[in-house]
Structures are given as C-alpha cells and as structure tokens.
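# An overview of the molecular structure
Here is how the chains run, residue by residue.
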Amino acid sequence: KQRNGNEPEFLQAVEEVAETVIPYIVKHDIYYGKNILLRMVEPERVITFRVCWVDDAGEIQVNRGYRIQMNSAIGPYKGGLRFHPTVNMSILKFLAFEQVFKNSLTTLPMGGGKGGSDFDPKGKSDNEIMRFCHAFMSELFRHIGHNTDVPAGDIGVGAREIGFLFGMYKKISNGFTGVLTGKGMSWGGSLIRPEATGYGTVYFAENMLKTKGDNLEGKNVVISGSGNVAQFAAEKVIQLGGKVLTLSDSSGYIYDKDGIDREKLEFVMHLKNVKRGRISEYLETYPNAEFIKGKTPWGVKCDIALPCATQNELTENDANALLENGCICVSEGANMPSTKGAIEAFHKAKILFAPGKASNAGGVATSGLEMTQNSLRFNWTREEVDLKLKEIMSNIHDSCIEYGKDDDGYIDYVKGANIAGFVKVADAMLAQGIV
Ligand code: NDP
C-alpha cells in the first residue's frame, strides 16, 4: 500500500487476491515465509514512452504509451493493449496483475502483461488511427517479441488497430512472427479468436449452471457493453436459447423487451464495428426498444447478468438490484467489472458468481492457440478451435471447484480462481530462485 497508494484499481485487484491467497499460503509450508505474493505484486518491468503523431488537421498530438511486463515465470508476457482516455498506471497494473492469474488458469505457457495508451480512438479517422498505431509501435517494438512479450487487443484495440500495429512491427523488425495476437485470418490469425472472450464467458456460465442441473435455455440475460466481448457473448446466448434483453455503451443502455435476436445483433455489430456509431441509434431501426441514457442495465429483471464493458461498472447497489430481481448467475466478461461490495453481496446471497479472470480467460486462451498455430505455421479449423476453447473453459471451471469449494458445498469461484492461478505461478517462481 505504501508503494502503490495512489493506484486504487491496482490495490483493489491485489486485495481481492490477497484475501483468498494469504490464508492458503499460511497453510502451506512451501509458500510460507518466501514473500512470494510480495514478489508477484511488483512488475518485472514497467515501460512508459512518448507517442507523437500528426492529426488530420496537421496538429501534432502527444500521448503516453505503456507496457507493464508483470510476470514471466511460466511463459512470455501476454496481455492486451487498451486505448482509452482513462488509461493510467493503476488501471494497467491491475489488468496486468489479473492477467498473470488468468493466463496461469488457462494451463497454457503464458506470463502476464498489459499495455496501452491514453489515446482516445473515438471520433478519429482511419488515417489518424493508423498514424497513432504506427507511432505507438515505433517505440513498443523494441520491448516485445514472439518469445518475450506478445500483446493483443482490449478496449479500443480491435482487428483494425492490430493490423496497423503488426504492419509497423513487421517493417521495423524485418520479420514475420507471431508477435501480436488477434491478427486477421489471411496473415496469421486464428479462427474463433474474435469470438473467444464472449463465447468463453457464456461457456463458463453454462458450466456453472450445470452444477445446479440448469442451463441457458429460456433464460433472460442482461449484458453490458456493445464491443467485442458483449457482441459475441450475446451471439452465444442466442445460440444456446437464451434471450438477450440489453446492450450498452458509455452513453447508456438499450432495453429490448422482445429480445435482441440474431438479426438485431447483426445490426448492432454493423453499427459498432463498421459505422462506429452509438448504441442509442438502435432505436432508429427498432423503435419498440428503449434507450436509458447515462445508466447501466443492472436494474432490468433477469436470470443471468454478463457485465462485458469495463471495470467497476457493477456496484453493490446494482448487485442488490440484480438479487432482488431474482438473478441467479453472474459471469464476468469484462475485467473486474464488479466492485468489492458487489462481489460480497453475490457471495452472501450464494448465487453463481464467476470473476473475469476465470470466466473471460477464453480470449487469452485462444490467443495462446493462435501463438501455437503461428509457431506450427498451421491453421486449425473453426470447430477444432471452438472445441479446445470449450475444453479450456471447462478445465478452468474444474480448477475453480478444486480450490474454491467451501465446507457447505458453495463454490467460491473467486477463491478458486485466485488459488489455482497462484499455485502454478508460485511453483515456477520458487523453482527459478530469487530473480
Ligand atoms: P471494446 O472496446 O470492443 O468495447 C468496450 C465496450 O465497453 C464498449 O461498448 C464501450 O462503450 C464500453 N465501455 C468502455 N469503457 C466504458 C466506461 N468507462 N463506461 C461505460 N462503458 C464503457 O472492448 P472489449 O469488448 O474488448 O472489452 C470489454 C471488457 O472485456 C474490458 O474490461 C476488457 O478488458 C475485457 N476483456 C476483453 C478481452 C478481449 O478479448 N477483447 C479479453 C478479456 C477481457 P463506448 O463505445 O461508449 O466506449
């Protein structure tokens, strides 16, 4: 706390892990007295750099770029790049810290990292995005590599940005390697990678429901966000027979009581990915829906909630509203969307609750599969990747049960994910000595 006092999101993420992992360390001599968690909370390396670029009006713009290389005990650093005006050291360190545990849970050999910039892609032309991405990579390239650090997308960084970043990396490194994931299919990408985080979040919810002999068929589902994760979570919910009632963006949420079906979702995908419009424009085509400005969708009655937008978007009050409305399952698609108070409320009510580091790990797991395919110079089919994704989500679910089952039979997925993620990284760090 002394060292990171001005980093609230990072402290929040560390506290959540410490609360569950410290009691485990105390009971296990191999970890006790080794300051292992203290070593894990200090990033191996933090890089910040200047990014100068020229906008369409000819003005010189200056942004700050970051890469947090958190932990490489079990593999090269791996984690997304976020372009959003709120990006700062605290947010990136929380994301990098979470990533270490998440990547460990996937069972693939990936360390944890995260990066990005306070650059705001909203309202920028394609040319401005390209110039920014090229400028950003012209410094980042010297710190990454397919055996060192393999970034991917996150908020504000999708297929378009990964393309521009990869183009500049390839040019200045003079090599075609799998240095980034989320690449296009014709230049090293993996099938199912765009879908993986959203699909994985829903597969995880399915696994949780199965422990109660239940499934998604006929369930009312509330989703926040309308970006990559939210879109494909919605797609999978629809495929599995659930009814999607809401989607949102930073200006508010839409509520469609008739359900957002396949056709309406395609409209949203075009609106968000091609037109780059606002979710409120949904009403222009589907006037029966409502737009609730400036609010999150947690007051809408539902069986299942999938927060897929951003950190701390679901507060204790929101959690209580969900519980009062009969919500039985929350699977986080975003990173740390539920506040500490919200998680406590879900645990107290003993509903199914999965933290992002377990339930949204499908994205990075499929990035790991993309790295494998790049190394093999080979592509698996859609069905093969989807099957591997399903298996990985099911294995993560099993690990959460192994380490998270309470004496009364309740599965504390937060405890389970934290301890299962910790054990593998801690064992590798101990084996490698004090470095
Ligand atoms: P996108 O940029 O594609 O979409 C983000 C969505 O969240 C948009 O609808 C955006 O609205 C909304 N949003 C962003 N910031 C805020 C905010 N401060 N308040 C309200 N709404 C906000 O990002 P992704 O879908 O990729 O990421 C969503 C979440 O999932 C993030 O927490 C990310 O870290 C996490 N995640 C993503 C993975 C991936 O594979 N993409 C993997 C694992 C986790 P608007 O357009 O108005 O900004």
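Residues numbered from 1 in each chain as written. Predicted model: local features only at pLDDT ≥ 70, side-chain atom pairs only at ≥ 80, totals over all residues.

The next subject is the pairing of strand 4 (residues 112-117). Within strand 4, 6 of the 6 residues are buried, leaving the element largely enclosed by the surrounding structure. Here 6 bridges tie strand 2 (residues 60-71) to strand 4, and the two strands are oriented antiparallel to one another. Paired with G65 across the bridge in strand 4 is S117. Note that strand 3 (residues 77-83) and strand 4 share 3 bridges and pair parallel. Bridged to L81 within strand 4 is G115. Crossover handedness for the path strand 3 to helix 3 (residues 89-105) to strand 4: right-handed. (Buried ≥ 20, exposed ≤ 12 C-beta atoms within 10 Å, placed from the backbone. Helix = DSSP H or I, 4+ residues; strand = E, 2+ residues; numbered from the N terminus. Pairing = 2+ DSSP bridges. Right-handed = clockwise from strand over helix to strand, strands pointing away.)

Across the sheet, 7 strands lie side by side as 9-8-7-6-10-11-12; this open sheet has mixed pairing. Looking at strand neighbours, the two that pair on one side only are strand 9 (290-293) and strand 12 (352-354), the edges of this open sheet. Neighbour to neighbour, the strand axes of the sheet diverge by 15° on average, direction disregarded. Relative to strand 9, strand 8 (residues 252-255) runs antiparallel, the two sharing 4 bridges. Bridging from a neighbouring strand, Y255 pairs with E290 of strand 9. (Axes fitted to C-alpha atoms, helices over the stretch in contact; angles between N-to-C directions.)

A few words now on the sheet that holds strand 5 (residues 149-152). Sheet architecture is open: 5 strands sit in the order 1-2-4-3-5, paired in mixed fashion. Since the sheet does not close on itself, it has two edges, and those belong to strand 1 (45-54) and strand 5, each with one partner. Here the average twist between neighbouring strands, direction ignored, is 20°.

It is worth spelling out the UniProt feature "binding site: NAD(+)" (unreviewed entry) in the protein chain at this point. As recorded in UniProt, the feature "binding site: NAD(+)" (unreviewed entry) lies at T197 and N228. Considering the C-alpha atoms alone, the annotated residues occupy 32 residues of sequence yet fold into one spot, their largest mutual distance being 8.2 Å. Looking at the element boundaries, T197 is found in helix 6 (residues 193-210). On the basis of neighbour counts, which here come to 30 C-beta atoms within 10 Å, the residue T197 falls in the buried class. Aside from chain neighbours lying at most four places away, what touches T197 is N228, V229, F232, G333, N360, G362 and G363. Its place among the elements puts N228 in helix 7 (residues 228-239). (UniProt positions renumbered as here; feature names shortened; annotations may be inferred. Contact = placed C-beta atoms within 7 Å.)

For the rest of this paragraph, the subject is the nonpolar core. Counting 100 residues, the largest nonpolar core has V221, I223, A233, A234, L247, A305 and A358 as its most contacted members. Considering each element in turn, this core owes the most residues, 9 residues, to helix 3. Contacts of I223, omitting those with residues within four sequence positions, involve A230, A233, A234, V244, T246, L247, L306 and C308. By size, the runner-up hydrophobic cluster in this structure holds 23 residues, among which are W53, F136, I162 and V179. (Core = buried A, V, L, I, M, F, W, Y, C linked by C-beta atoms within 7 Å.)

Turning our eyes to something else, we now look at the environment of D386. Inspection of the secondary structure assignment puts D386 in helix 14 (residues 382-404). Once the C-alpha coordinates of D386 and F141 are considered, the two residues, 245 residues apart in sequence, prove to be 31 Å apart.

Before going further, it helps to examine the site of the ligand. The local shell around the ligand holds 24 residues, among which G227, D249, S250, A334 and G363 are the closest. Sorting elements by how many residues they give to the shell around the ligand places helix 7 first, with 3 residues. Residues belonging to the shell around the ligand are distributed by class as follows: 6 nonpolar, 15 polar and 3 charged. Composition of the shell around the ligand by domain shows at least three residues from each of domain 1 (43-177) and domain 2 (194-359). (Near = placed C-beta within 6 Å. Nonpolar A, V, L, I, M, F, W, Y, C, P; charged D, E, K, R; others polar. Domains from an automatic or database assignment.)

Okay, the packing of helix 10 (residues 316-324) against helix 11 (residues 340-349) next. Here helix 10 crosses helix 11 at 30°, and the two axes come no closer than 7 Å. On the basis of the axis angle, helix 10 is roughly parallel to helix 11. The handedness of the crossing between helix 10 and helix 11 comes out as right-handed. Here E316, D318, A319, N320 and L323 of helix 10 come into contact with helix 11, specifically with G341, A342, A345, F346 and A349. Here the residues of the contact of helix 10 with helix 11 sort into 6 nonpolar, 2 polar and 2 charged. (Parallel < 35°, antiparallel > 145°, perpendicular 65-115°, else oblique. Left-handed = near helix turned anticlockwise from the far one by under 90°.)

Relative to the helices and strands, M393 resides in helix 14. Sequence separation between M393 and V179 is 214 residues; the distance between their C-alpha atoms is 25 Å. In this view, M393 contacts G200, Y203, F204, N207 and G362; residues no more than four positions away in its chain are not counted.

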